[in-house]
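Report on the structure
In case you want the letters, here they are:
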Amino acid sequence: MTENNSYKEYTDFIMDKTVTLLGIDSPTGYTEDAAAWVKNEFEALGFHAHITGKGGVLIELGGEDKEDGLFLEAHTDTLGAMVASIKSNGRLLVTPLGGMNANNAETENVRIITKFDGDYEGTFQLENASIHVNGEYDDIKRTFENCEVVLDENVASKEDVEKLGISIGDIVCFEPNTRITKSGYIKSRFLDDKLSVGILLGFAKYIKDKQITPKRAIYVHVTVFEEVGHGGCASVPTGVTEAISVDMGCVGENLTCTEHKVSIAAKDSGGPYAYPVVKGLMEAAKKVNADYAVDVYPHYGSDVEATLRAGFDVKHGLIGAGVYASHGYERSHRDGVENTLKLLVIHCKKEGVREAKLSYSLYLFGIICHWMVFVFFYYMPDKKAIY
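What this report covers is the structure whose coordinates are included nearby. (Residues numbered from 1 in each chain as written. Predicted model: local features only at pLDDT ≥ 70, side-chain atom pairs only at ≥ 80, totals over all residues. Heavy atoms only, no water.)

So, on to the environment of Thr-238. Looking at the secondary structure, you find Thr-238 in the loop between strand E12 (216-223) and strand E13 (240-246). With residues near it in sequence (within four places) discarded, Thr-238 still touches Lys-66 and Tyr-219. (Helix = DSSP H or I, 4+ residues; strand = E, 2+ residues; numbered from the N terminus. Contact = heavy atoms within 4.5 Å.)

Another point: the layout of surface pockets. The calculated volume of the largest pocket comes to roughly 570 Å³. Lining the largest pocket are 32 residues, and of these Cys-250, His-299, Tyr-300, Gly-301 and His-327 lie nearest its centre. Put simply, the parts of the chain that give the lining of the largest pocket at least two residues each are strand E14 (249-251), helix H7 (303-309) and strand E18 (315-324). The leading source of residues in the lining of the largest pocket is H7, at 4 residues. Partitioning the lining of the largest pocket into residue classes produces 12 nonpolar, 12 polar and 8 charged. (1 Å grid on protein atoms, 1.4 Å probe; cavity = no way out; pocket = protein on both sides within 12 Å on 5 of 7 lines; lining within 4 Å. Points joined across faces, edges and corners; volume = space filled by probe spheres on them. Nonpolar A, V, L, I, M, F, W, Y, C, P; charged D, E, K, R; others polar.)

Next up on the list: the pattern of salt bridges. In total, this model carries 17 salt bridges according to the counting rule given. Among the ionic pairs, Glu-106 bridges to Arg-142, the shortest N-O distance being 3.0 Å. You can see Glu-106 sitting in the loop between helix H3 (102-105) and strand E6 (109-113) and its partner Arg-142 sitting in the loop between strand E7 (119-126) and strand E8 (147-151), a full 36 residues away along the chain. Judged by relative accessible area, which is 10%, Arg-142 ranks as buried. The salt bridge involving Lys-205 is made with Asp-209; its shortest N-O contact spans 3.2 Å. Placement of the pair is Lys-205 and Asp-209 together in helix H5 (residues 191-209), with a separation of 4 residues, close to one helical turn. Among the residues examined, Lys-205 registers a relative accessible area of 17% and is labelled buried. Residue Asp-209 is classed as partly exposed on the basis of its relative accessible area, which comes to 35%. Because the salt bridges share partners, they merge into one network encompassing Lys-87, Arg-91, Glu-127 and Glu-148. (Salt bridge = Lys/Arg side-chain N within 4 Å of Asp/Glu carboxyl O. Buried < 20%, exposed > 50% of the residue type's maximum accessible area, 1.4 Å probe, protein only.)

Contact pair helix H2 (residues 32-44) / H5: the axes reach a minimum separation of 10 Å and the direction vectors enclose 15 degrees. What the angle tells us is that H2 and H5 run roughly parallel. Both H2 and H5 take part in a crossing whose hand is right-handed. Seen from H2, the contacting residues are Trp-37, Val-38, Glu-41, Phe-42 and Ala-44; seen from H5, they are Val-197, Leu-200, Leu-201, Ala-204 and Lys-208. Residue composition of the contact of H2 with H5, by class: 8 nonpolar, no polar and 2 charged. (Axes fitted to C-alpha atoms, helices over the stretch in contact; angles between N-to-C directions. Parallel < 35°, antiparallel > 145°, perpendicular 65-115°, else oblique. Left-handed = near helix turned anticlockwise from the far one by under 90°.)

Written as structure tokens, this is what we have:
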């Protein structure tokens, strides 16, 4: 893909902001620092933002029609773990936060964030992790019951660990290991969904720089409990008629999306997305030559489905840059970022639900008026007097 120069600046901006956000630990339940950073970044662009009661960030991007608003949702909470118990040998048994998988978490560096005594480093390892000692190493199924955090401290007992200030309920953050390659790939844990937060920041910058006033009111909600299913359940402004999750697109077997495309989801584990929204997103992508894929995701759920389950009466959709190896060491590409940005820009310039109905009503009214005039002139008794 040849990058459009008009979007290159914004793609660079998105990649830079994403890298910064990835460097802020924010497992579900420990998101205050990341949320504060997101709020400050949107405010620096000139938009009003505030922290919600649940700890997310709600941003107003402006727009004319507040009775036909568009709601864009992404999340900054990530996978992680929590200390569940301290073992007698000084190791930590942890419980996953969200869908963290022991298979791809094994051997990762971690930080334990204590409640009152700072943070400590360690490694998430299989019990008895030395291959030269454990003859069953290859055959053991990795779970959170037989893996543990080995602290990088001189501890050998539960009491040693407790003296450090580590206790049950402390947060365990996994190292993201972020890299951007010369060929434009970005590799990191937690691109789901910090890459999308970066994209929405780039979208906001685009609106500001181009001095765009959208026809519809546009809101952004950066949620902090998506990975446990209730991030999008609240904070929907009055007047919103359409909600779109901006979250990762899946890349894998039997799917058409790649890291270079923007994904438009037709269906996931929560059922089909709103047909008019899916169709409208496809039409918008074609209009700006955004490389896109439409797929069905069998093991996926999104913030916008939580919004619907909470009872909000909106049409819904899901888009996002293609991401490979989801919930593991993930990979995307700046092409996918640009295509997602292009789709957002064109979709947000479209007529909303209420405006489209109004336009159609005016169209019908025009046809009726046309025929009334025709009938009037045709049946006038003295047509010559008219001319």
